[in-house]
Amino acid sequence: MDTADYPSLADEIASMVHGYPYAEPPEPPELLARIGDEASADPAGPHGRAMLAALWASRWFVHWKINDRGLVTALAEAAERAEAALTAAGCPGGHEHPVPADASDPEGMAALIEMIGGSDGREAAACPGHLAPLAADTAATLRSTLSERFAAPGTEHLDARYLTADGRTAFDPLIGDLERQRYSQVDLQAQNAAMWSARRLLAGAPEAERPRLAIAVCLLAKHCYWSSTAPGIVALYREALATVDLAPRERSCPHGEGHRGVKLAAPPRPEAPDERGELCPRRVAEQVHDMLDYTRDYLGA
């Protein structure tokens with residue numbers, strides 16, 4: 001896409017914000033990276049101002065749908081550079097700034113790009129005094145994205161629930177919370193249990209605990225796409241799963257090819273018989289391998 005074709009770019013931004021971002025190549029991350037680069041290249045120039053408007057119109061799409069921390073950081077920095085340049089340029093006066101587009105109206109947000117690139121009302125719409133607050137809003141939103149979506153919440157408070165007096169994992173309450181995860185929408189209590197399990201793996205959990213902890217992490221990682229799980233949480237899951245030994249995938253086991261038919265669910269409780277071979281080292285390694293593959297693209301890795 002030619003980003004100087006403002007009507008087409010505005011249509012693509014509107015389509016993207018509506019949740020149908022494939023009206024025209026490139027895909028959103030590539031397009032957003034180009035917009036950020038061009039906004040940074042000449043933030044006070046006419047095209048740079050139009051790109052800042054495009055970035056502002058896209059900011060909530062970036063917040064909820066872009067899981068690449070490096071890209072979000074670059075876009076936040078582009079907005080900050082634009083804010084500094086536009087604030088320095090100031091407003092020459094003699095006109096009224098247009099009312100900012102309604103954030104709940106994607107077409108209205110995207111129309112700002114056309115307004116800046118077109119002839120009608122360009123002076124007021126492209127005025128640094130009008131655009132500097134939009135740049136500040138964009139930068140604040142994306143910095144908030146980095147702190148809210150790319151950091152996994154703490155789970156230390158759950159030690160009292162998930163650790164026994166002698167420091168072992170209390171699997172009954174942990175598995176009970178994991179069993180709350182029944183549908184595509186993530187259950188927050190189950191997600192907390194999975195995050196706690198991930199940190200337990202990273203802290204060097206005893207070997208006897210690791211299969212159940214790994215299954216706990218896989219169970220919630222499986223829901224990342226459906227529920228738009230915060231990328232910081234998915235990154236924690238991936239870091240923990242990377243500590244699991246995958247060598248058993250290459251070894252035989254008593255279950256033949258039956259593991260693929262075992263649906264991923266909360267791990268069996270310690271007192272329950274493992275009738276389906278859910279804790280088989282080969283089966284656990286297969287699940288972990290599959291989940292690392294599954295989550296890799298989610299983070300733009």
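Residues numbered from 1 in each chain as written. Predicted model: local features only at pLDDT ≥ 70, side-chain atom pairs only at ≥ 80, totals over all residues. Heavy atoms only, no water.

Peer 1: Would you explain the overall build of the chain in this entry?
Peer 2: Looking only at helices and strands, the chain features 14 helices and zero strands. Traced from its N-terminal end to its C-terminal end, the chain shows the element sequence α-α-α-α-α-α-α-α-α-α-α-α-α-α. Along the three orthogonal principal directions, the C-alpha set of the chain runs to about 80 × 40 × 30 Å. For the chain, the proportion of its 301 residues judged to be buried stands at 49%. Across the chain, contacts joining residues at least 24 apart in sequence account for 73% of those joining residues at least 6 apart. With an accessible surface of roughly 13800 Å², the chain has 52% of that area assigned to carbon and sulfur atoms. If you average the places of the 28 positive and of the 44 negative side-chain charges in the chain, the two averages end up 10 Å apart. (Helix = DSSP H or I, 4+ residues; strand = E, 2+ residues; numbered from the N terminus. Buried < 20%, exposed > 50% of the residue type's maximum accessible area, 1.4 Å probe, protein only. Contact = heavy atoms within 4.5 Å. Areas by Shrake-Rupley, 256 points an atom, 1.4 Å probe, with all protein chains shown as cover. Lys, Arg positive; Asp, Glu negative; His and termini not counted. Charge placed at Lys NZ, Arg CZ, Asp CG, Glu CD.)

Peer 1: Quick question: what am I supposed to make of the environment of Arg-69 here?
Peer 2: The residue Arg-69 is located in helix H4 (residues 69-89) in this model. When the C-alpha atoms of Arg-69 and Leu-299 are compared, they prove to be 8.0 Å apart, with 230 residues separating the residues in sequence. If we skip the residues at most four places from it in the chain, Arg-69 touches Leu-146 and Phe-150. For Arg-69, the side chain forms a polar contact with the main-chain oxygen of Phe-150, separated by 3.1 Å. (Polar contact = N/O pair within 3.5 Å; in protein donor to acceptor, adjacent residues only side chain to side chain.)

Peer 1: Would you explain the environment of Gly-204 in this entry?
Peer 2: Residue position: Gly-204 is located in the loop between helix H10 (188-202) and helix H11 (210-221). A relative accessible area of 52% places Gly-204 in the exposed class. As a C-alpha pair, Gly-204 and Thr-243 span 39 residues in sequence and 8.9 Å in three-dimensional space.

Peer 1: Got a minute to help me understand the side chain of Thr-138 in this structure?
Peer 2: Relative to the helices and strands, Thr-138 is located in helix H7 (residues 128-149). Those residues within four positions of Thr-138 in sequence are excluded, and the remaining contacts are Leu-55, Trp-56, Arg-59 and Ala-79.

Peer 1: I keep staring at the pattern of salt bridges and nothing clicks. Help me out?
Peer 2: Where charged atoms of side chains with opposite charge meet at close range, the side chains can pair. Inspection of every chain in the model, using the stated rule, returns 13 salt bridges. Among the ionic pairs, Asp-166 bridges to Arg-168, the shortest N-O distance being 2.9 Å. Taken together, the shared-partner salt bridges in this structure form one network comprising Asp-172, Glu-179 and Arg-269. (Salt bridge = Lys/Arg side-chain N within 4 Å of Asp/Glu carboxyl O.)

Peer 1: Explain the packing of H11 against helix H14 (residues 281-296) to me, please; I cannot follow it from the model alone.
Peer 2: Two numbers describe how H11 lies on H14: the axes approach to 10 Å, and their chain directions differ by 30°. Relative to H14, the element H11 is oriented roughly parallel. Both H11 and H14 take part in a crossing whose hand is left-handed. Note on element contacts: H14 touches H11 through Arg-283, Val-284, Gln-287, Val-288, Met-291, Tyr-294 and Thr-295, opposite Pro-211, Ala-214, Ile-215, Cys-218 and Ala-221. Grouping the amino acids of the contact of H11 with H14 by side-chain chemistry returns nine nonpolar, two polar and one charged. (Axes fitted to C-alpha atoms, helices over the stretch in contact; angles between N-to-C directions. Parallel < 35°, antiparallel > 145°, perpendicular 65-115°, else oblique. Left-handed = near helix turned anticlockwise from the far one by under 90°. Nonpolar A, V, L, I, M, F, W, Y, C, P; charged D, E, K, R; others polar.)

Peer 1: Honestly, the packing of helix H13 (residues 231-241) against H14 in this entry has me stumped. Any pointers?
Peer 2: In a packed pair of helices, the relevant descriptors are the angle between the two axes and the axis-to-axis distance. Two elements in contact, H13 and H14, have axes separated by 10 Å at closest approach and are oriented at 145°. H13 and H14 meet at a crossing whose hand is left-handed. Each of Val-234, Arg-238 and Leu-241 in H13 lies in contact with H14, whose residues at this interface are Val-288, Met-291, Leu-292, Thr-295 and Arg-296. In terms of residue class, the contact of H13 with H14 is made up of five nonpolar, one polar and two charged.

Peer 1: Teacher, can you tell me more about the packing of aromatic side chains here?
Peer 2: Any two aromatic rings considered together are summarised by their centre-to-centre distance and by the angle between their planes. Across all of its chains, the model carries three aromatic pairs by this definition. Plain terms: the ring middles of Tyr-162 and Trp-196 are 5.3 Å apart, the flat faces sit at 65° to each other, and that makes the pair edge-to-face. On the criterion of sequence distance, the pair formed by Tyr-162 in helix H8 (residues 159-162) and Trp-196 in helix H10 is long-range, its members being 34 residues apart. Each ring, one from Tyr-225 and one from Tyr-294, has its centre 5.0 Å from the other, and the planes form 65°; the classification is edge-to-face. Taken together, the residues span a long stretch of sequence, with Tyr-225 in helix H12 (residues 224-227) and Tyr-294 in helix H14 at a distance of 69 residues. (Phe/Tyr/Trp six-rings, centres within 6.5 Å; stacked < 30°, edge-to-face > 60°.)

Peer 1: Which parts of the structure should I look at to understand helix H1 (residues 6-18)?
Peer 2: One full turn of an α-helix is made of 3.6 residues, so residues set three or four places apart face in the same direction. Between its first and last C-alpha atoms H1 spans 18 Å; for 13 residues at 1.5 Å apiece the expected length is 18 Å, and the two agree. For H1, the complete set of buried residues consists of Tyr-6, Leu-9, Ala-10, Glu-12, Ile-13, Ala-14, Ser-15 and Met-16. Looking one or two residues beyond H1, the residue adopting positive phi is Gly-19, at roughly 100°. (Expected span 1.5 Å × (residues − 1).)

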